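# Structural features, examined
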Amino acid sequence: MRGVDEPDEIRTERLVLSRLEPADADAFIAVHSAPEAYPHDGWSRRTADQARELFVNFRRNWAVDGIGYWTIRLAGTAEVIGFGGVRHSVEEGEPVLNLAYRLWPSAWGRGYAPEMARAALSWAQRHRPDRPVVIVTDVGNTPSIRVAEKLGFARVLERHRDDRPEVLFRLPAR
């Protein structure tokens, strides 16, 4: 899937979105292993070792696919507030782009998730128009469900994964 030469960073009004780099490992591991960052979907909470392995896998996405989840920083301070974006995935047997994010609780409720997501959707529409964009979240994650709906995603199905209920949203074709 290579062939797209993306800039090292994408800027939005308030955010700087950049490729995962080795220097981001500590912040990535911290947020992905912090219980307070997973109030709605504790089933995906990770140990530090599991988060480190996830970081390696997400960096590999950049090398193989030319896109992956970004480090999300505040534009004015360069403070890391989380990680997110789109990466290649397969849902219900179909190749898709999965839109996801994990933010520190201090960043919740400020509109950063939809702002980052809009940048990810813009990228996807330009560079991977053949891939539908989906969001998968825990059925009880009301804030993420609101973000999905705010962005125009349609609820496609509810299912169980690892004995946990989750909902799949899909962005309708444009």
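Residues numbered from 1 in each chain as written. Predicted model: local features only at pLDDT ≥ 70, side-chain atom pairs only at ≥ 80, totals over all residues. Heavy atoms only, no water.

- Per an unreviewed UniProt entry, the protein chain carries the name Protein N-acetyltransferase, RimJ/RimL family and comes from Saccharopolyspora kobensis.

## Structural notes on unusual backbone geometry
- Despite not being glycine, Ala78 has its phi angle at roughly 70°, a positive value.
- Positionally, Ala78 belongs in the loop between β3 (69-74) and β4 (80-91).
- Accessibility expressed as a relative area gives 46% for Ala78, which makes it partly exposed.
- The phi torsion at Glu92 lies on the positive side, around 55°, for a residue other than glycine.
- Its location among the elements puts Glu92 in the loop between β4 and β5 (94-103).
- On the basis of relative accessibility, which here comes to 56%, the residue Glu92 falls in the exposed class. (Helix = DSSP H or I, 4+ residues; strand = E, 2+ residues; numbered from the N terminus. Buried < 20%, exposed > 50% of the residue type's maximum accessible area, 1.4 Å probe, protein only.)

## Some words on the sheet that holds strand β2 (residues 15-19)
- Here 8 strands make up an open sheet; going across it, the order is β1-β2-β3-β4-β5-β6-β8-β7 and the pairing mixed. Either end of the sheet is taken by a strand with one partner, and the two such strands are β1 (9-11) and β7 (154-161). The mean angle between the axes of side-by-side strands here comes to 25°, regardless of whether they run parallel or antiparallel.
- Here 3 bridges tie β1 to β2, and the two strands are oriented antiparallel to one another. Bridged to Ile10 within β2 is Leu17.
- The sheet strands contacting helix α1 (residues 25-32) are β4 and β5, and the helix crosses β4 at an angle near 80°. (Pairing = 2+ DSSP bridges. Axes fitted to C-alpha atoms, helices over the stretch in contact; angles between N-to-C directions. Contact = heavy atoms within 4.5 Å.)

## Remarks on the pattern of salt bridges
- Counting across every chain of the model gives 11 salt bridges.
- The salt bridge involving Arg159 is made with Glu92; its shortest N-O contact spans 2.7 Å. In this pair, Arg159 is assigned in strand β7 and Glu92 in the loop between β4 and β5, connecting sequence segments 67 residues apart.
- The class of Arg159 is buried, set by a relative accessible area of 16%. (Salt bridge = Lys/Arg side-chain N within 4 Å of Asp/Glu carboxyl O.)

## Here we look at the packing of aromatic side chains
- By the definition in use, this model includes 4 aromatic pairs.
- Ring geometry for Phe28 against Phe55: centres 5.2 Å apart, planes inclined by 55°, an arrangement best described as tilted. Taken together, the residues Phe28 in helix α1 and Phe55 in helix α2 (residues 48-65) connect sequence positions 27 residues apart.
- On the basis of relative accessibility, which here comes to 1%, the residue Phe28 falls in the buried class.
- Judged by its relative accessible area of 6%, Phe55 falls in the buried class.
- These aromatic residues form a ring-pair network of at least three members: Phe28, Phe55, Phe58, Tyr69 and Phe83. (Phe/Tyr/Trp six-rings, centres within 6.5 Å; stacked < 30°, edge-to-face > 60°.)

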